[in-house]
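Remarks on the overall topology
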Protein chains: 2
Amino acid sequence: MVASRRPPTIQDVARHASVSTATVSRALSSPERVSVRTRERIDQAIAATGYTLNQAAQSLRRQRAKTIVIALPNVGNPFYSTILDAVVMEAGEHGYGVLVANRQPDDPIEWLRDYFFSSRADGLVLFDATLDAPALQSQLAAHGDVPFVVVADEVVEPFLNLVTSDNYDASRRAVQHLVALGHTKIGHLSGPQIGHYRNERTAGFIDAMKANDLKLCDDWLMRGNHVASSGFAAAENFLRMTNRPSALFCANDEMALGFISRVHQAGLTCPQDVSLVGFDDISMAEFLSPPLTTMRQKRNELGRLSTEALISLIEGRRKPQPPFRATLRCELVVRGSTAPPCS
Amino acid sequence: MVASRRPPTIQDVARHASVSTATVSRALSSPERVSVRTRERIDQAIAATGYTLNQAAQSLRRQRAKTIVIALPNVGNPFYSTILDAVVMEAGEHGYGVLVANRQPDDPIEWLRDYFFSSRADGLVLFDATLDAPALQSQLAAHGDVPFVVVADEVVEPFLNLVTSDNYDASRRAVQHLVALGHTKIGHLSGPQIGHYRNERTAGFIDAMKANDLKLCDDWLMRGNHVASSGFAAAENFLRMTNRPSALFCANDEMALGFISRVHQAGLTCPQDVSLVGFDDISMAEFLSPPLTTMRQKRNELGRLSTEALISLIEGRRKPQPPFRATLRCELVVRGSTAPPCS
DNA sequence: AAAGCTGATGAAATCGATTGCATGAGACCT
DNA sequence: AGGTCTCATGCAATCGATTTCATCAGCTTT
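Residues numbered from 1 in each chain as written. Chains lettered and ligands numbered in written order. Predicted model: local features only at pLDDT ≥ 70, side-chain atom pairs only at ≥ 80, totals over all residues. Heavy atoms only, no water.

1. Examining the protein's contact with DNA strand D
- Residues in contact with DNA strand D amount to 27 residues; listed here are only the nearest, A:Arg6, A:Ile10, A:Arg61, B:Thr23 and B:Arg61.
- Among all atoms of DNA strand D positioned within 4 Å of the protein, those belonging to sugar or phosphate total 64%.
- Between DNA strand D and the protein, one listed contact pairs a phosphate oxygen with a backbone N or O atom of A:Ile10 at 2.3 Å.
- One nitrogen or oxygen atom from the side chain of A:Gln58 is found 2.7 Å from a phosphate oxygen belonging to DNA strand D.
- A class-by-class count of the residues in the surface near DNA strand D yields nine nonpolar, twelve polar and six charged. (Near = heavy atom within 4 Å. Polar contact = N/O pair within 3.5 Å; in protein donor to acceptor, adjacent residues only side chain to side chain. Nonpolar A, V, L, I, M, F, W, Y, C, P; charged D, E, K, R; others polar.)

If you want it as structure tokens, here you go:
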């Protein structure tokens, strides 16, 4: 009712319960160290005053912000939003807040310094390590070893904490699905090549083709950048081909979406004229026309696991060495975009 | 290199520049109050020590966290992710961090208290006021008038700070587009009814129909809840109708997506068998099959404006009365999902 | 009954930055 | 030259919670 009064502090509670602030503090953080009788009085005083802890003061004293940063290359991407959801949830359960940092394209590292050097946050979940993770590592180490966990598709330096999907194997299984349907002419629309890392999905594709003794046609290996428009562009290419593949494995769903879009415009249909397998299983995949066959990543689990690992690292429950590593298995979801080839 | 050393404080800088901490503090927050010579010495000292401000200490002293909370009903929704992007960007430019709070469905208000009562955040951007905004208002007021801005489709209580799109008018224009194509049998798939508020999009639809002397058929007024599956379900309904509308205005793109999906499954096609107009222009709308005709909301602007307003409220540059109000005009984007009716 | 122990509690320092008040040096005025 | 004013700067209190160390009451032990 009475607006703009300053919120009650631990002092108010102490006075109200006729104890010292030290006792109140203990009652809150380690109740077993306070006698039952005083604890009750303090509980009452807290209720009576409507006290809530001042985070800033606690952070200052404890040198811990109870906050993590989640760094995304692109919040707008539907793939990441589900993950964000899981991260916020998991962090919340441990009493941590989640700050969002959207990547500054021009400044691969500086943009993160502020959060940690100013003790605004205790750790970082970094998605999509297209930035120079080792450089970041040394930057963060210089100011007191900020723990961070990377969630990425490509396997990065072995000393990093990493949560990933079994991209290589999943890609092999995606190809296997097409082969099982009878396809032999199979193309691939890959994501971008990141630094010198092995592109796991492309590698899986290539090895699966070899394992099946299928010809790898250079024209059928196209490169995109994970957004729908690059799938659209790849389809332009596809349409110009005189000898077209009968199936295509796309490195993510958005590119598949863009590809279908262009192919339909040209009067061809999927899966009659070309079968398509995507990757991710974004929430809309199920409702596309045709519904998209795709490799589902456990996005919830990616978010949850990485956050859980980060927090146990922050709180010292997990030792920094050896690094945390987790690989989640993807799951093939068969829908309408794949069918046997129309001879 | 030397890991886990404590970060330099303002004390270190002061010592290094042979001045008091007070002077360093002033050099940082109001440089004009410090002589040029000392300012230079301080700048050097800052560079030499690698000093960065400790946010927790500043927050405690200034009673201000330089952080805002963005509360979303559902981070996973692609509509919100773009907005989040804009909010993070705008906040960042003012030096504010953005905490994400994903709505707890069971607890419409409590979930936000913590952020503010613990002075973790200075203000709130609340999306989709399906929660009881007035109740929230009084909750927040009880602990010192936390400023907040609502971004919502429906017009809520006049005393709230609100950023919105011209939903009513945009809906009228959507219908007008269908009418101009020659449609007379037009249906509507609405979003959920929120409390006692007027559903702006539905109201716009109804009034446009009346203005054109078109019959409002009860069967053709369907209700969904803004997710694709509810569009899918609505299409089931549609397919069972003996007398079907030739066009449908959907209250958002996701429902349109679900609707098309089911209709295609049944062997009908859009726009030949039914024209469809969506709302929002989510990033994928352009790449659907067929590309979706839709009312584009300026999502970037919604995010930017609301954040800007919130921050000027926090910093006292804007007076709380009268409340901030902004309505953004939507824009019709004509694509392939609408066509003249097939006789 | 004296000594030792345990467990609950309080006093006060501390985290790092800000800011009201005091001080002193120099500029300016008469 | 004496007095006033301004500007740059320093001292020290302060924000609110935590934590070390000391104290003291009430037991147990011999």
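2. A closer look at the sheet that holds strand S9 (residues 275–280) of chain A
All names here are of chain A.
- Strand order across the open sheet formed by six strands is S7-S6-S8-S9-S10-S12, with mixed pairing between neighbours. Strand pairing shows two members of the sheet lacking a second neighbour, strand S7 (221–223) and strand S12 (331–333), which therefore form its edges. When the angles between neighbouring strand axes are averaged without regard to direction, this sheet yields 20 degrees.
- Of the strand pairs in this sheet, strand S10 (residues 293–296) and S12 are connected by three bridges, and their pairing is antiparallel. Bridging across to S12, Thr 294 finds its partner in Val 333.
- Together, strand S6 (186–190), S7, strand S8 (247–250) and S9 form the strand contacts of helix H9 (residues 200–211), whose direction differs from that of S6 by roughly 170 degrees. (Pairing = 2+ DSSP bridges. Helix = DSSP H or I, 4+ residues; strand = E, 2+ residues; numbered from the N terminus. Axes fitted to C-alpha atoms, helices over the stretch in contact; angles between N-to-C directions. Contact = heavy atoms within 4.5 Å.)

3. A short note on the interface of chain B and chain A
- Across the boundary between the two partners, chain B contributes 61 residues, which contact 61 residues of chain A.
- Both faces considered, chain B and chain A share a buried interface measuring about 4,700 Å² in area, 58% of it formed by carbon and sulfur atoms.
- There are zero salt bridges connecting chain B and chain A.
- Linking chain B with chain A are eight residue pairs in polar contact (both at pLDDT 80 or more), by the criterion used here.
- Elements with a minimum of two residues in the side of chain B that touches chain A: helix H4 (55–62), helix H5 (78–93), strand S2 (97–102), helix H7 (133–142), helix H10 (228–240) and helix H11 (253–265) of chain B. (Buried area = accessible area lost by both parts, 1.4 Å probe. Salt bridge = Lys/Arg side-chain N within 4 Å of Asp/Glu carboxyl O.)

4. Some points on the domain arrangement of chain A
- Partitioning chain A into structural domains gives domain 1 (10–53), domain 2 (64–165 + 299–327) and domain 3 (167–298).
- A straight line from the C-alpha centre of domain 1 of chain A to that of domain 3 of chain A covers 62 Å. (Domains from an automatic or database assignment.)

5. Considerations on the packing of helix H1 (residues 10–17) of chain A against helix H2 (residues 21–29) of chain A
Residues and elements named next belong to chain A.
- Running from N to C, H1 and H2 cross one another at 105 degrees; their axes reach a closest spacing of 8 Å. The orientation of H1 relative to H2 falls into the category roughly perpendicular. Counted together, Ile 10, Gln 11, Val 13 and Ala 14 of H1 and Thr 21, Val 24 and Ser 25 of H2 form the full contact between these two elements.
- The residue makeup of the contact of H1 with H2, split by class, is four nonpolar, three polar and no charged. (Parallel < 35°, antiparallel > 145°, perpendicular 65-115°, else oblique.)

6. Comments concerning helix H9 (residues 200–211) of chain B
Residues and elements named next belong to chain B.
- An ideal rise of 1.5 Å per residue puts 16 Å on twelve residues; H9 measures up with 16 Å between its terminal C-alpha atoms.
- Tucked inside the fold, the buried residues of H9 contact helix H8 (167–181), strand S6 (186–190), strand S7 (221–223), strand S8 (247–250) and strand S9 (275–280).
- Sitting at the head of H9, Asn 199 places a side-chain oxygen 3.2 Å from the backbone nitrogen of Arg 201.
- Just past H9, the residue Asp 213 takes up positive phi, approximately 55 degrees. (Expected span 1.5 Å × (residues − 1).)

7. Some words on the sheet that holds strand S12 (residues 331–333) of chain B
All names here are of chain B.
- Spatial strand order, S7-S6-S8-S9-S10-S12: six strands in an open sheet with mixed pairing. Here the strands that pair on one side only, and so sit at the sheet edges, are S7 and S12. Pairs of neighbouring strands in the sheet enclose a mean axial angle of 20 degrees, with direction left out of account.
- In this sheet, strand S10 (residues 293–296) lies alongside S9 in parallel orientation, the contact comprising four bridges.

8. Topic: the protein's contact with DNA strand C
- Surrounding DNA strand C, one finds 27 residues, the nearest of these being A:Thr23, A:Arg61, B:Arg6, B:Ile10 and B:Arg61.
- Counting only the atoms of DNA strand C that lie within 4 Å of the protein, the sugar and phosphate share comes to 64%.
- Here a base nitrogen of DNA strand C sits 3.5 Å away from a polar atom, N or O, in the main chain of B:Ala57.
- Those elements that provide at least two residues to the surface near DNA strand C are H2 and helix H4 (55–62) of chain A together with helix H2 (21–29) and H4 of chain B.
- Classifying every residue of the surface near DNA strand C by side-chain character gives nine nonpolar, twelve polar and six charged.

9. A short note on the packing of aromatic side chains
- Under the defined criterion, the tally for this structure stands at twelve aromatic pairs over all chains.
- Here A:Phe249 and A:Phe279 contribute two aromatic rings whose centre-to-centre distance is 6.3 Å and whose plane-to-plane angle is 50 degrees, an arrangement assigned as tilted. Taken together, the positions of A:Phe249 in strand S8 and A:Phe279 in strand S9 put the pair 30 residues apart, joining distant regions of the chain.
- Clustering of aromatic rings is evident, with ring pairs tying together A:Phe79, A:Tyr80 and A:Phe127.
- Taking NZ or CZ as reference, B:Arg201 lies 3.8 Å from the ring centre of B:Phe279, over its face.
- The ring of B:Phe238 has B:Arg244 lying over it, and the distance from NZ or CZ to the ring centre is 5.5 Å. (Phe/Tyr/Trp six-rings, centres within 6.5 Å; stacked < 30°, edge-to-face > 60°. Lys NZ or Arg CZ within 6 Å of the ring centre and 35° of its normal.)

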